[in-house]
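Chains, contacts and geometry: an overview
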Amino acid sequence: MLETIVQRERDFGTPASLAAETVALVIDGVECSVPAGTSVMRAAAIAGINIPKLCATDSLEAFGSCRLCLVEIEGRRGYPASCTTPVEAGMVIRTETPKLHDLRRNVMELYISDHPLDCLTCPANGDCELQDMAGVVGLRNVRYGYEGANHLNDATDSSNPYFDYDPSKCIVCSRCVRACDEVQGTFALTIDGKGFASRVAAGQNDPFLDSDCVSCGACVQACPTSTLVEKTVIMMGQPEHSVITTCAYCGVGCAFKAELKGDKVVRMVPWKDGQANRGHSCVKGRFAWGYATHKDRITKPMIRASINDPWREVSWSEAINHAASELKRIQAKYGRDSIGGLTSSRCTNEETYLVQKLVRAAFGTNNVDTCARVCHSPTGYGLKTTLGESAGTQTFDSVMFTDVVIVMGANPSAAHPVFASRLKRRLREGAKLIVIDPRSIELVDSPHIKADYHLPVRPGTNTALLTSMAHVIATEGLIDEAFVAERCELPAFEQWRAFVSQPENSPEAMAEITGVPAADLRAAARLFATHGNGSIYYGLGVTEHSQGSTTVMAIANLAMATGNLGREGVGVNPLRGQNNVQGSCDMGSFPHELPGYRHVSDDAVRGEFERDWGVTLQPEPGLRIPNMFDAAISGSFKGLYCQGEDIVQSDPNTQHVAAALSAMECVIVQDIFLNETAKYAHVFLPGSSFLEKDGTFTNAERRVSRVRKVMEPLGGLSDWEATCELSNAMGYPMHYKHPSEIMDEIARLTPTFQGVSFAKIDELGGSVQWPCNEQAPDGTPTMHVDEFVRGKGKFMITKYVPSDERSTRKFPLLLTTGRILSQYNVGAQTRRTPNVMWHKEDLLEIHPQDAEDRGILQGDWVAVQSRVGETVLRADITERVQPGVVYTTFHFPESGANVVTTDSADWATSCPEYKVTAVQARRVTQPSTWQAKWSRFSDVQHQLLNDRLREGEAPAKGPQAQPKEREGEATEQV
């Protein structure tokens, strides 16, 4: 399972039956018993008998078009297709007879009569099901010739940057169309024409790039020929070995087979046995991995005295020793707490654990934080308070058992597309959907999907909306009284019931605040409370608010009140943004918590770590990220070790962050590119991509999955090794030989990870969901089954408090931000791939009425100004946003989306209020002042990188030649 020769995974032809009842039958003399509803084809495969097939695959429902899988069944006339024939008790089936041989050869002969015979030069040679089946049926002659009409000269569509469509190779099996419909749920492909004119078409016979295709790769994976094939396979040939690893993009945590030739990745194929993705993928994980070997990668350590200077390449030892000496100097001058570190949600659990250990044990401070501060820290606070654990409650598979879904402040189709595909499949099966979002996201109305209710909540009023939903449930007798009585603290519940039942919390009273019609809200609340299993999935549109923690508690209240916790198909499910946001929190990255969400002030807990680590730990929480920035500007925080995060681009109020970094004396950045933060760095340590490391990621469903090294680190060291070297240089020894030893330490010190080890993960098929301990040796798919982690669930009062960020006469619009499918986070990875063909810049979505009021036309440059800054974006006039709301993404640094976001933050966790910024928009003809400064500063920093002294080069004699204007530009704050 770890590393294998590339071979096609076993395919049983049709999906498994979930029936408990079994049926006995005989196939080719073999007695077997299979679940009722199993196809004859799958039953044969279970018995070890492979029936030839082309249109059938076990990831899709049976179709019965290729006629290659015919069988004989005693007592029946004709030759039924085994894929569409369900088993029956007592069946006697023959899969190999002379007549079947003749029929199959005749069928295959018809396929080959209109198929190029270029097998030796075909990209699929060695991985072609048509070629294999021709051999299986014993085809030796093709009687029909090629002199008649054929499709052999059909033109190839190469418009998609990742795969080609060659219709001359198509056998019209419809597997690609069915994969697009059933697995992905996009319905972008169809079979156009009839009979001989039939062909696969994207959209209205559009090129793939111009169609609705989202490039998830499901069609490519389903294709049994080379009709749809990766360009990398065309260029490099078939891979010869594979390594199973985990995707490093969003919080779904898809499992992939990295297929290689030597140490070169040929393609990433979603692993059928991946428990998070079940063999599916999206455009990022499937195709956008080329950044790992991009020419922009920095693979040599570098140092410089100031950001005015060119970089100087040095050895690892010199860079580490220089960094350590600077940190020691700063502490000697300014005190122990004058430095700190930031862990990364893109790094492994093991690497994140080591960084927080480095800060606490080697630096001697609790000044450590993580990017989860600016995304899902309210999830941790809110769920810990109400349910007792800082994580989601279900598996992704659980959605297939839900009856009504609330999707709130999340756009799964763009940010978590593999989960979105599964959700859409369940919706097509009949589940109901309530979308709570200021924008009309794809789930509101798309092919074969339409939300039952879209509640276009005004940004900043989530708490008011959920409290009014609770009002309906409480006042209309829809509370699950038995569940509450058994599972929850009754005094707190009664206080909550009295609070939400107050008239001022009714939908009618709240309508003016939320912007949601009372009738719609009442109907949605009734639907959720009465329609069976109810599940709630939410994202950053919930947490990134001044009342983010309050809203999370309101979500938990709603789930408890309706009894929707502790079983399949229900639950409170945060959709984590980055690949290891959950893990970075689990590993103790917050300044107030040690691994496992245990407070640093707890003497017993702290004592465990002190004994194991051999140091005395500080009992007081350290600085959060915004506190670090403020302290840097005030002069008391002077040194930062930042691993794998681009805080200049991702954190709010960009100019404030830049000023803070400029005020520091030593900024150490460990990354793979010269990102926006690295432009302010004094030490650059080469990072390693997910393909270059061993370890684990933890996804949004608490699934701890293995990350396996596919190639050696281009920079020479994995991230965990660099952290160890820095710790050693600081005087605190770290001598791990492999990340598995780090996980063993995590398990030793963290109750919820007590049973987790690399061996255990392998034993369980590649992943395990925490808690994994003596009580749950194989992990915990569903949380809070019999009781809540905290014992009794606690209802919390969720009084609506308006955000300071409200529309005014000066700033009449509300800006909210989010993501788009093809790009990811700050874009450092995806911008260095062909994904830019779909999204090459951040746009400002604005409603037609707001645009008309301001004289803005489609594509115009628009200045967006808030109380802290201004940037300029191109206008995208759309009704996806409601009047009074504008929206943009933050994937491109030149866009400066976070130049305008403010320091308004969640009351409990300091999570920034990215989703509500009061702004004004006006038509302009040139970039903003900030953008002009950024452009000059960025050009200078790239020039300083290009001018770097290579290792072994002697510096020029005399002063470094550097134009005075460059010096001025370099120091100019952006």
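Before any of the text, the structure's been laid out above.
Just so it is clear, the model here is predicted, and its values are computed rather than measured.

Before going further, it helps to examine the pattern of salt bridges. If you walk through the whole model with that rule in mind, you get 67 salt bridges. Close ionic contact of Glu96 with Arg104 constitutes a salt bridge, the shortest N to O distance being 3.5 Å. Classification of Glu96 by relative accessible area gives partly exposed; the value is 43%. Taking relative accessible area as the criterion, Arg104 reaches 2% and is therefore assigned buried. A single salt-bridge network, built from bridges that share partners, covers Glu9, Asp127, Glu230, Lys257, Glu259, Arg267 and Arg286.

Here we take up the layout of surface pockets. Taken as a whole, the second largest pocket holds about 1100 Å³ of empty space. Lining the second largest pocket are 41 residues, and of these Val214, Ala414, Glu442, Ile820 and Leu821 sit closest to its centre. The set of elements that each furnish at least two residues to the lining of the second largest pocket consists of helix H11 (412-415), helix H12 (417-428), strand S19 (445-446), strand S33 (843-846) and strand S36 (885-889). For the lining of the second largest pocket, the leading source of residues is H12, giving four residues. Within the lining of the second largest pocket, the residues separate by chemical class into 16 nonpolar, 14 polar and 11 charged.

For helix H21 (residues 603-613), the set of buried residues is Val605, Arg606, Gly607, Phe609 and Trp613. Each element contacted by the buried residues of H21 is listed here: helix H9 (349-363), strand S24 (593-594), strand S25 (598-599) and helix H26 (739-749). Sitting at the head of H21, Asp602 places a side-chain oxygen 3.0 Å from the backbone nitrogen of Ala604. Backbone geometry just downstream of H21 places Gly614 in the positive-phi region, at approximately 75°.

The subject of this paragraph is the sheet that holds S36. The strand order around the closed barrel built from six strands is S32-S36-S33-S35-S34-S37, with neighbouring strands paired in mixed fashion. Averaged over all pairs of adjacent strands, the angle between strand axes in this sheet comes to 45°, irrespective of strand direction. Of the strand pairs in this sheet, strand S32 (residues 813-818) and strand S37 (residues 917-924) are connected by three bridges, and their pairing is antiparallel. Pairing of Leu815 across the sheet is with Thr917, part of S37.

Note that soluble globular proteins tend to have their nonpolar side chains buried in a common cluster. Counting 68 residues, the largest nonpolar core has Phe163 and Leu228 as its most contacted members. By residue number, the principal contributor to this core is H12, which donates four residues.

On to the side chain of Ser344, then. Along the chain, Ser344 falls in the loop between strand S15 (339-343) and H9. A polar contact of 3.2 Å, which involves the side chain of Ser344, links it to the side chain of Glu645. Those residues in contact with Ser344 that lie beyond four places of it in its chain are Thr352, Thr370, Ser584, Gln643, Gly644 and Glu645.

This brings us to the packing of aromatic side chains. Ring pairs (aromatic) are described by centroid distance and by the angle formed between their planes. Tallying each qualifying case throughout the model produces 19 aromatic pairs. Aromatic pair Phe609 and Trp613: ring centres 5.1 Å apart, planes at 70°, arrangement edge-to-face. Of this pair, Phe609 and Trp613 both sit in helix H21, separated by four residues, roughly a single helical turn. Residues Phe609 and Trp613 agree in their burial class; the two are buried. Three or more aromatic residues joined by ring pairs make a cluster, and in this case those are Tyr162, Phe163, Tyr165, Phe208, Phe287 and Trp838. The side chain of Arg10 reaches across the aromatic face of Phe12, ending 4.7 Å from its centre. Lying over the aromatic face of Phe758, Arg706 brings its terminal NZ or CZ to 4.2 Å of the ring centre.

Turning to the packing of helix H13 (residues 462-475) against helix H19 (residues 548-561), a few remarks are in order. At a closest axis distance of 9 Å, the pairing of H13 and H19 adopts a crossing angle of 20°. One element, H13, and the other, H19, form an angle in the roughly parallel class. Here the hand of the crossing between H13 and H19 comes out left-handed. Judged by residue contacts, Asn462, Thr463, Leu466, Met469, Ala470 and Ile473 of H13 engage Thr550, Thr551, Ala554, Ile555 and Leu558 from H19. When grouped by side-chain class, the residues that make up the contact of H13 with H19 number seven nonpolar, four polar and no charged.

Of the strand pairs in this sheet, strand S7 (residues 189-192) and strand S8 (residues 199-202) are connected by four bridges, and their pairing is antiparallel. Note that in S8 the partner of Leu189 across the bridge is Ala202. As consecutive antiparallel partners, S7 and S8 are separated by six residues, and within that stretch Gly193 has a phi angle of approximately 85°, a positive value.

This part covers the environment of Thr677. Mapped onto the fold, Thr677 is located in the loop between strand S27 (666-671) and strand S28 (683-686). Note on Thr677: relative accessible area 0%, which makes it buried. Considering only alpha carbons, one finds Thr677 and Ile647, 30 residues apart in sequence, at a separation of 6.2 Å. Sequence-distant contacts of Thr677, defined by excluding residues within four places in its chain, comprise Glu645, Asp646, Ile647, Val648, Leu661 and Val669.

Looking now at the environment of Glu21. Along the polypeptide, Glu21 turns up in the loop between strand S1 (3-5) and strand S2 (22-27). Separated by 15 residues in the primary sequence, Glu21 and Ala36 have C-alpha atoms spaced 5.7 Å apart. In this structure, Glu21 is in contact with Val34, Pro35 and Ala36, ignoring residues within four places of it in sequence.

Strand order across the open sheet formed by seven strands is S14-S13-S28-S27-S26-S15-S16, with mixed pairing between neighbours. Looking at which strands have only one partner, the edges of the open sheet turn out to be strand S14 (312-313) and strand S16 (368-370). The pairing of strand S26 (residues 639-643) with S27 spans five bridges and is classified as parallel. Opposite Cys642, over in S27, you have Val669 as the bridge partner. Across the face of the sheet, helix H22 (residues 625-634) comes into contact with S15, S16 and S26 while running at roughly 125° to S16. Packed on one face of the sheet, helix H25 (residues 719-730) meets S26, S27 and S28 and runs near 160° to S26.

Scoring rules and cut-offs
- Residues numbered from 1 in each chain as written.
- Predicted model: local features only at pLDDT ≥ 70, side-chain atom pairs only at ≥ 80, totals over all residues.
- Heavy atoms only, no water.
- Salt bridge = Lys/Arg side-chain N within 4 Å of Asp/Glu carboxyl O.
- Buried < 20%, exposed > 50% of the residue type's maximum accessible area, 1.4 Å probe, protein only.
- 1 Å grid on protein atoms, 1.4 Å probe; cavity = no way out; pocket = protein on both sides within 12 Å on 5 of 7 lines; lining within 4 Å.
- Points joined across faces, edges and corners; volume = space filled by probe spheres on them.
- Helix = DSSP H or I, 4+ residues; strand = E, 2+ residues; numbered from the N terminus.
- Nonpolar A, V, L, I, M, F, W, Y, C, P; charged D, E, K, R; others polar.
- Contact = heavy atoms within 4.5 Å.
- Polar contact = N/O pair within 3.5 Å; in protein donor to acceptor, adjacent residues only side chain to side chain.
- Pairing = 2+ DSSP bridges.
- Axes fitted to C-alpha atoms, helices over the stretch in contact; angles between N-to-C directions.
- Core = buried A, V, L, I, M, F, W, Y, C linked by side-chain atoms within 4.5 Å.
- Phe/Tyr/Trp six-rings, centres within 6.5 Å; stacked < 30°, edge-to-face > 60°.
- Lys NZ or Arg CZ within 6 Å of the ring centre and 35° of its normal.
- Parallel < 35°, antiparallel > 145°, perpendicular 65-115°, else oblique.
- Left-handed = near helix turned anticlockwise from the far one by under 90°.

By themselves, these are just geometric observations and shouldn't be taken as functional.
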